[in-house]
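Letter by letter, the chains look like this.
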Amino acid sequence: MTLVYTHLSASVDGYVSGRGARAGLGLGDGFRIFDWLSDHGSANRAVIEYGGSRAAAVVAGRNTYEHAARWGGNSMDAGTQLFVVSRDPIPDAAEGQTIVTDGLESAIRQAREVAEKAGKDVKIAAGATATEAIRLGLLDEILISQVPVLLGGGHAFFRELPEAVELECTSVAVNQGVTHLTYRIVK
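This one's a predicted model, so the numbers in the text were calculated from it and none came from an experiment.

## Comments concerning the sheet that holds strand 5 (residues 97-100)
Sheets are built from strands paired through backbone hydrogen bonds, the pairs being either parallel or antiparallel.
Here's step 1: Read across the sheet, eight strands follow the order 5-4-3-6-1-7-10-9 without closing on themselves; strand pairing throughout is mixed. For this open sheet the edge positions go to strand 5 and strand 9 (167-175), each flanked by a neighbour on one side alone. Strand-to-strand twist of the sheet, defined as the mean angle between neighbouring strand axes without regard to direction, takes the value 20°.
Here's step 2: Relative to strand 7 (residues 141-147), strand 1 (residues 4-11) runs parallel, the two being bridged by seven bridges. Paired with Leu8 across the strands is Ile144, a residue of strand 7.

The following block contains the structure:
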């Protein structure tokens, strides 16, 4: 069964990027939250390997796409098809980057078709986009790689929701410098 999930690194205070995040500066002053990627302890290695093989399609919002310098014309994860949700067309988007102008539901539907054919999942690559997917009832799982730092500002993982969302913790993997938490959204 194809799942729609999000996986982001976050500070203890819930930020997925620091202050000053924008095109050309990526995560602003929040790059510390990705230090764990260079530590190849067993928990981190397992998370990296699983994340690298799990998704066949990635859905991102326009801001994340631009902040990530359009992933250099590729996708966030090698071997995945990228779907970018944007209000406006992006005529200079790279080949293989699908720009979706009719909303997140359409982007997830298209990404799910790609993922189902490959027997894999769909990854949501941005906090605001993940929040909207929760509102629409389209997100199944949340993975947070929580780093022991307080950024004190930036972009929060989640935006305001109309009501509480119940989660079931399905796994916890601890490594020095990061705790990987996996939650299933209770529907």
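Resuming the write-up.
## Considerations on the nonpolar core
Here's step 1: Grouped together as the largest cluster of nonpolar side chains are 27 residues, with contacts concentrated most on Val59, Phe83, Ile108, Ile124, Leu139, Ile142 and Phe157.
Here's step 2: Those elements giving two or more residues to this core turn out to be strand 1, strand 3 (55-61), strand 4 (81-85), helix 3 (104-118), strand 6 (121-124), helix 4 (127-135), strand 7 and strand 10 (178-185).
Here's step 3: Per-element accounting of this core gives the leading share, five residues, to helix 3.
Here's step 4: Once residues lying within four places of it in the same chain are set aside, the contact partners of Phe157 are Thr6, Leu8, Ala10, Gly14, Tyr15, Val16, Gly127, Ala128, Thr131, Ile142, Leu143 and Ile144.
Here's step 5: Counting eight residues, the second-largest nonpolar core is a separate cluster that includes Tyr65, Leu82, Val84 and Ala125.

Conventions we followed
Residues numbered from 1 in each chain as written. Predicted model: local features only at pLDDT ≥ 70, side-chain atom pairs only at ≥ 80, totals over all residues. Heavy atoms only, no water. Pairing = 2+ DSSP bridges. Helix = DSSP H or I, 4+ residues; strand = E, 2+ residues; numbered from the N terminus. Axes fitted to C-alpha atoms, helices over the stretch in contact; angles between N-to-C directions. Core = buried A, V, L, I, M, F, W, Y, C linked by side-chain atoms within 4.5 Å. Buried < 20%, exposed > 50% of the residue type's maximum accessible area, 1.4 Å probe, protein only. Contact = heavy atoms within 4.5 Å.

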